[in-house]
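Architecture and fold: a report
Now for the letters of each chain:
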Amino acid sequence: MNLDEFKAVQRQVWAESDYPPVGRLLEPGARQLVDAVGVTDGQRMLDVATGSGSVAALAGQAGAPVVDIDIIDAWFDEARARASMTGVDLDLRLGDAEDLPVDDESFDVVLSSFGAIFAPRHDAVASELVRVCRPGGVIALTAWPPAVRTTPWSPRF
Ligand SMILES: C[S@@+](CC[C@H](N)C(=O)[O-])C[C@H]1O[C@@H](n2cnc3c(N)ncnc32)[C@H](O)[C@@H]1O
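Keep in mind that what you see is a predicted model, and the values were worked out from it rather than measured. (Residues numbered from 1 in each chain as written. Predicted model: local features only at pLDDT ≥ 70, side-chain atom pairs only at ≥ 80, totals over all residues. Heavy atoms only, no water.)

1. Details of the side chain of serine 112
Turning to its location among the elements, serine 112 is positioned in strand 4 (residues 107-113). Within the structure, serine 112 has its side chain in polar contact with the backbone nitrogen of alanine 116 (distance 2.8 Å). Every residue in contact with serine 112, bar those within four places of it in the chain, is listed here: Leu33, Asp47, Val48, Ala49, Ala140, Leu141 and Thr142. (Helix = DSSP H or I, 4+ residues; strand = E, 2+ residues; numbered from the N terminus. Polar contact = N/O pair within 3.5 Å; in protein donor to acceptor, adjacent residues only side chain to side chain. Contact = heavy atoms within 4.5 Å.)

2. Digging into the packing of aromatic side chains
According to the stated counting rule, one finds five aromatic pairs in the structure shown. Taking the centre distance of 6.2 Å and the plane angle of 70 degrees together, the rings of phenylalanine 118 and tryptophan 144 count as edge-to-face. You can see phenylalanine 118 sitting in the loop between strand 4 and helix 6 (122-132) and its partner tryptophan 144 sitting in the segment after strand 5 (133-142), a full 26 residues away along the chain. By relative accessible area, which is 39% here, tryptophan 144 ends up partly exposed. Cluster of aromatic residues (ring-pair linked, three or more members): Trp14, Tyr19, Trp75, Phe114, Phe118 and Trp144. (Phe/Tyr/Trp six-rings, centres within 6.5 Å; stacked < 30°, edge-to-face > 60°. Buried < 20%, exposed > 50% of the residue type's maximum accessible area, 1.4 Å probe, protein only.)

3. Here we look at the sheet that holds strand 3 (residues 90-94)
Sheets are built from strands paired through backbone hydrogen bonds, the pairs being either parallel or antiparallel. One open sheet holds the five strands; their spatial order is 3-2-1-4-5, and the pairing between them is parallel. Looking at strand neighbours, the two that pair on one side only are strand 3 and strand 5, the edges of this open sheet. Sheet twist, expressed as the average angle between the axes of neighbouring strands with direction ignored, equals 20 degrees. Relative to strand 3, strand 2 (residues 66-70) runs parallel, the two being bridged by five bridges. Looking at the pairing, aspartate 68 lines up with leucine 92 of strand 3. Lying over the sheet, helix 6 contacts strand 1 (45-48), strand 4 and strand 5, oriented at roughly 135 degrees with respect to strand 5. (Pairing = 2+ DSSP bridges. Axes fitted to C-alpha atoms, helices over the stretch in contact; angles between N-to-C directions.)

4. Details of the packing of helix 3 (residues 27-37) against helix 4 (residues 54-61)
Viewed as axis vectors pointing N to C, helix 3 and helix 4 meet at an angle of 40 degrees, and their least axial separation amounts to 9 Å. What the angle tells us is that helix 3 and helix 4 run oblique. Judged by the sense of rotation from one axis to the other, the crossing of helix 3 with helix 4 is right-handed. Residues Glu27, Ala30, Arg31, Leu33 and Val34 of helix 3 lie in contact with helix 4, whose contacting residues are Ser54, Val55, Leu58 and Ala59. By residue class, the composition of the contact of helix 3 with helix 4 is six nonpolar, one polar and two charged. (Parallel < 35°, antiparallel > 145°, perpendicular 65-115°, else oblique. Left-handed = near helix turned anticlockwise from the far one by under 90°. Nonpolar A, V, L, I, M, F, W, Y, C, P; charged D, E, K, R; others polar.)

5. A look at the pattern of salt bridges
This model, assessed by the stated rule, comprises 12 salt bridges. Among the ionic contacts, a cluster of salt bridges with common partners joins Lys7, Asp96, Glu98 and Arg121. (Salt bridge = Lys/Arg side-chain N within 4 Å of Asp/Glu carboxyl O.)

6. Examining the pairing of strand 2
Where a strand is regular, its side chains alternate between the two sheet faces. Counting buried residues along strand 2, five of its five residues qualify, which places the element largely inside the surrounding structure. Burial of the side chains of strand 2 extends over both faces: Val66, Asp68 and Asp70 are buried on one face and Val67 and Ile69 on the other. Pairing analysis gives four bridges linking strand 1 to strand 2, with the strands arranged parallel. Each residue of the ladder has a partner; that of valine 48, found in strand 2, is isoleucine 69. Running through helix 4, the crossover from strand 1 to the neighbouring parallel element strand 2 is right-handed. (Right-handed = clockwise from strand over helix to strand, strands pointing away.)

7. Topic: a nonpolar patch on the surface
On the surface, Met1, Val9 and Val13 cluster together to form a nonpolar patch covering roughly 300 Å² of accessible area. Inspection of the secondary structure puts methionine 1 in the segment before helix 1 (3-16). (Patch = residues over 30% accessible without salt bridge, like charges linked within 9 Å, V, L, I, M, F, W, Y side chains within 5 Å. Areas by Shrake-Rupley, 256 points an atom, 1.4 Å probe, with all protein chains shown as cover.)

Structural data, given as structure tokens:
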């Protein structure tokens, strides 16, 4: 399987899952992430692999204008609805964590909660997170520890 085929399978698996209930289970992680970073009013924030928008809604409540990117748009409506309940407008965009559709150094804070870790080329993701964050900005992720593997193999691309 090549990289494009692998990503096509990933998109299909995510799109066919019933993610929003799982997203609510993972929301404490998103909350810890937003609290740990101390997102504040007016910071430009990027949420990579936003899913149903937990990080986006929480950071938006803190007053940060948020751009949200995901490789599929299946839960954009859910993310929009959650955010709108607290008066937050989201800028939702389709895109890949390995090739983010945003300008260099355009964010003060770049977050991803259990999201960017799913992209297969971690070096490409790391380069992209650094590229889009301004010098002196903050990049923070949540991830499961390596011992909590859910697949018996890791692809190498
Ligand atoms: C476990 S969900 C986490 C969603 C959200 N961050 C949260 O805390 O609920 C993983 C998300 O990563 C997205 N994703 C997977 N691979 C991606 C990639 N290469 N680029 C962008 N998003 C990706 C999936 O579509 C899914 O929405």
